[in-house]
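# Examining the three-dimensional arrangement
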Amino acid sequence: MRILIIEDEVALADALQNILQKNKYLTDACHDGVSGLDCAMSGIYDLIILDIMLPKMNGFDVLRTLRINKIATPVLMLTARDEIADKVTGLDIGADDYMTKPFNTDELLARIRSLGRRSSNAVCENNLYFSDITLNLSTYELSCNGNSLKLGLKEFCIMELFFRSGSAVISKEQLIEKIWGYDSDAEYNNVEVYISFLRKKLMHLNSEVTIKTIRGVGYCLSSGKC
């Protein structure tokens, strides 16, 4: 899962990135509303953590603009403003959840997991399923028929994206944007290396699932046909 943090307090944004990265989330941070909106409009994020009091454009206007432009990415508003009227405004214009500062780390992570479950039909508790394989979102293990192995961060994030996409084809461009980031200089060979790693791990688990190449288009999970 890739998360965009739009927060003008640089120290807090850095702390959030550290917390999320330790929990296997990929993150980007913006420190004003205009740059945050620009990144959010890319559509590559699975969740946005959005402050209200931002320079250049406030969080309400960022959220309102996203929803007007049909960007349905879940938004968790995280702000020091705890007035009921602000919460009502945020929820009414399209926020999915609301937390006030200071926040409890465990509660924040639980709310992020909850929003992730709402946006996926493939998830049950802490696991994602496809054919005979299971991806554990807590231990970052890929399992098949009682055997399991732990994935590295990018391997885990790529496989999570495949699981959440089912048999849909994912292009190399989408993988680079989602896994390496909006402004990354990663190239197609970076994707190919990690796809090779994951194919070997699926073979090691004796899974019937393969990562199929759709020439000129991208990749998809396949359990016999894609």
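As a starting point, this report considers the structure included with it. (Residues numbered from 1 in each chain as written. Predicted model: local features only at pLDDT ≥ 70, side-chain atom pairs only at ≥ 80, totals over all residues. Heavy atoms only, no water.)

### Observations regarding the packing of aromatic side chains
Across all of its chains, the model carries 3 aromatic pairs by this definition. Pairing Trp180 with Tyr194 gives two aromatic rings, centres 5.7 Å apart and planes at 70°, and the pair type is edge-to-face. Taken together, the residues Trp180 in helix α7 (residues 172-180) and Tyr194 in helix α8 (residues 188-204) connect sequence positions 14 residues apart. Look at Tyr194 and you get partly exposed, because its relative accessible area is 23%. Seen in terms of ring centroids, Tyr194 and Phe197 are 5.5 Å apart; in terms of plane orientation they differ by 80°. Their pairing is edge-to-face. Taken together, the positions of Tyr194 and Phe197, both in helix α8 and 3 residues apart, correspond to about one turn of that helix. (Phe/Tyr/Trp six-rings, centres within 6.5 Å; stacked < 30°, edge-to-face > 60°. Helix = DSSP H or I, 4+ residues; strand = E, 2+ residues; numbered from the N terminus. Buried < 20%, exposed > 50% of the residue type's maximum accessible area, 1.4 Å probe, protein only.)

### Quick notes on the pattern of salt bridges
Summed over all chains, the structure comprises 12 salt bridges. The partner of Arg111 in a salt bridge is Asp97, with the nearest N and O atoms 2.6 Å apart. Of the two residues, Arg111 is situated in helix α5 (residues 105-118) and Asp97 in strand β5 (residues 97-100); the sequence distance between them amounts to 14 residues. Since its relative accessible area comes to 23%, Arg111 is described here as partly exposed. Where salt bridges share partners, they join Glu7, Glu9, Asp51 and Lys101 into one cluster. (Salt bridge = Lys/Arg side-chain N within 4 Å of Asp/Glu carboxyl O.)

### As for the pairing of strand β12 (residues 218-222)
Within β12, 5 of the 5 residues are buried, which leaves the element mostly enclosed by the surrounding structure. A two-sided burial pattern is seen for β12, the buried positions comprising Gly218, Cys220 and Ser222 on one face and Tyr219 and Leu221 on the other. Where strand β11 (residues 210-214) and β12 come together, 5 bridges link them in antiparallel fashion. Residue pairing in the sheet places Ile211 in a bridge with Leu221 of β12. The turn joining β11 and β12, which pair antiparallel and follow one another in sequence, is formed by 3 residues; a positive phi near 80° is taken by Gly216. (Pairing = 2+ DSSP bridges.)

### Topic: helix α3 (residues 59-68)
Residues Gly59, Phe60, Val62, Leu63 and Leu66 constitute the buried set of α3. Buried residues of α3 fall within an arc of 160° about the axis and therefore sit on the same side. Buried residues along α3 sit in contact with β1 (2-6), α2 (33-40), β3 (47-50), β4 (75-79) and α4 (84-92). Backbone nitrogen of Phe60 and a side-chain oxygen of the N-cap are separated by 2.9 Å at the start of α3; the cap is Asn58. Directly after α3, the chain includes Lys70, whose backbone phi takes a positive value near 65°. (Arc of directions from axis to C-beta. Contact = heavy atoms within 4.5 Å. Polar contact = N/O pair within 3.5 Å; in protein donor to acceptor, adjacent residues only side chain to side chain.)

### Regarding the nonpolar core
Inside soluble globular proteins, nonpolar side chains tend to come together where they are buried. Grouped together as the largest cluster of nonpolar side chains are 32 residues, with contacts concentrated most on Leu142, Met159, Phe162, Phe163 and Ile211. Counting only elements with at least two residues in this core, the list comes to β7 (127-130), β8 (133-136), β9 (141-144), α6 (153-165), α7, α8 and β12. Top contributing element to this core by residue count: α6, with 7 residues. Apart from the residues lying within four places of it in its own chain, the contact partners of Ile211 are Met159, Phe162, Ile195, Leu198, Arg199, Leu202, Tyr219, Cys220 and Leu221. Grouped together as the second largest cluster of nonpolar side chains are 22 residues, Leu54, Leu66, Val75 and Tyr98 included. (Core = buried A, V, L, I, M, F, W, Y, C linked by side-chain atoms within 4.5 Å.)

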